[in-house]
Amino acid sequence: MTRTLHPLTRGNDTAHALGAFCVTALATVLLLVGCGPDVKKTPAMGAQAKAAAAQDYAQFYKQELRFRQLMHYPPFAALANLMVRSESQENVLKLTGLLGRFMESLQEDKQKGRGWRLLGPAAAPIPKLKKSYRYHFLIKAEQRSILRRVLIAAQEFARREKFPANALIVDVDPQSLL
């Protein structure tokens with residue numbers, strides 16, 4: 001069975017994220033993954049989960065769009081994941097702290113801080129992968145032009161601070177946050 005984790009969840013936390021199953025949305029095609037017989041018994045099940053369990057796809061779609069609009073998720077916002085990585089845990093924490101302070105100062109600026117929100121930093125769901133420790137930030141922006149401006153500022157900061165070439169990875173419209 002294929003299992004897809006909801007962004008910013010780990011292992012069994014997935015059940016809490018969307019009510020005992022995960023949803024993968026790709027364009028207008030919605031695939032339900034890992035829906036089991038206990039879905040209807042989940043007490044805190046949201047409207048999306050109830051509609052999906054009842055195979056009421058039109059209602060599911062309507063509820064999911066409403067949720068995405070309230071949470072400022074695509075297609076109602078632009079997203080980017082900034083991943084900071086290093087083979088040294090001490091170095092990744094240093095770089096993440098530097099970038100985090102810069103991003104917070106950028107967000108506090110009345111002109112440059114409009115129209116976007118910074119989430120993180122947080123350890124990546126898989127904190128160490130292929131000898132690299134990883135931390136990430138998620139950026140939500142009202143418009144792609146705002147997101148682009150913020151990402152350019154982050155990349156310029158990393159260059160000024162002499163981050164190693166592969167220390168900062170920018171993923172626009174991430175399909176996964178793992």
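Structure first, text after, so check above.
The structure displayed is predicted, hence computed values, not measured ones.

Rules used throughout
- Residues numbered from 1 in each chain as written.
- Predicted model: local features only at pLDDT ≥ 70, side-chain atom pairs only at ≥ 80, totals over all residues.
- Heavy atoms only, no water.
- Helix = DSSP H or I, 4+ residues; strand = E, 2+ residues; numbered from the N terminus.
- Contact = heavy atoms within 4.5 Å.
- Pairing = 2+ DSSP bridges.
- Axes fitted to C-alpha atoms, helices over the stretch in contact; angles between N-to-C directions.
- Buried < 20%, exposed > 50% of the residue type's maximum accessible area, 1.4 Å probe, protein only.
- Phe/Tyr/Trp six-rings, centres within 6.5 Å; stacked < 30°, edge-to-face > 60°.
- Core = buried A, V, L, I, M, F, W, Y, C linked by side-chain atoms within 4.5 Å.
- Expected span 1.5 Å × (residues − 1).
- Arc of directions from axis to C-beta.

This part takes up the overall build of the protein chain. Each helix and strand counted, the protein chain has five helices and six strands in total. Beginning at the N terminus, the succession of helices and strands in the protein chain can be written as α-β-β-α-α-β-α-β-β-α-β. In the protein chain, 57% of the contacts between residues at least 6 apart in sequence involve partners at least 24 apart.

With antiparallel pairing, the four strands of this open sheet are ordered in space as β4-β5-β3-β6. For this open sheet the edge positions go to β4 (116–129) and β6 (168–172), each flanked by a neighbour on one side alone. Taken over all neighbouring pairs, the strand axes of this sheet differ in orientation by 20 degrees on average, direction set aside. Of the pairings in the sheet, the one linking β4 to strand β5 (residues 132–141) comprises eight bridges and is antiparallel in character. Counterpart to Ala123 in the pairing with β5 is Tyr135. Packed on one face of the sheet, helix α5 (residues 144–160) meets β3 (78–86), β4, β5 and β6 and runs near 170 degrees to β6.

Another point: unusual backbone geometry. Following Pro74, the chain continues into Pro75 via a peptide bond in cis, with omega recorded as 10 degrees. Following the sequence through the fold, Pro75 ends up in the loop between α3 (57–71) and β3. In this structure, the amide linkage connecting Gly120 to the following residue, Pro121, adopts the cis form with an omega of 15 degrees. Secondary-structure assignment places Pro121 in strand β4. One non-glycine residue, Gln55, lies in the positive phi region at around 60 degrees. Take Gln55: its relative accessible area is 57%, and that puts it in the exposed class. Of note, Lys162 is a non-glycine position whose phi angle comes to about 60 degrees, a positive value. One can find Lys162 in the loop between α5 and β6.

To continue, consider the packing of aromatic side chains. The relative placement of two aromatic rings is captured by the distance of their centres and the angle of their planes. Under the counting rule described, the total for this entry stands at three aromatic pairs. Here the aromatic rings of Phe157 and Phe163 are separated by 6.1 Å at their centres, their planes lie at 75 degrees, and the arrangement is edge-to-face. What makes Phe157 buried here is its relative accessible area of 8%.

One recurring pattern in soluble globular proteins is that nonpolar side chains are buried together. Membership of the largest hydrophobic core comes to 27 residues, with the highest contact counts inside it found for Leu82, Leu99, Met103, Trp116 and Ile139. The set of elements that each furnish at least two residues to this core consists of β3, α4 (89–108), β4, β5 and α5. Top contributing element to this core by residue count: α5, with eight residues. Once you skip the residues sitting within four places of it in the chain, Ile139 turns out to touch Ala78, Leu79, Ala80, Leu82, Met103, Trp116, Arg117, Leu118, Leu147, Val150 and Leu151.

Once that is clear, we can look at α5. Look at α5: 24 Å from first C-alpha to last across 17 residues, which is about the 24 Å you get at 1.5 Å a residue. Here α5 has its buried residues at Ile146, Leu147, Val150, Leu151, Ala153, Ala154, Phe157 and Ala158. With its buried residues spanning 155 degrees around the axis, α5 presents them on a single face. Across α5 from its buried face, at more than 90 degrees, point the exposed residues Arg148, Arg159 and Arg160.

Read these as layout, nothing more, since geometry by itself doesn't imply function.
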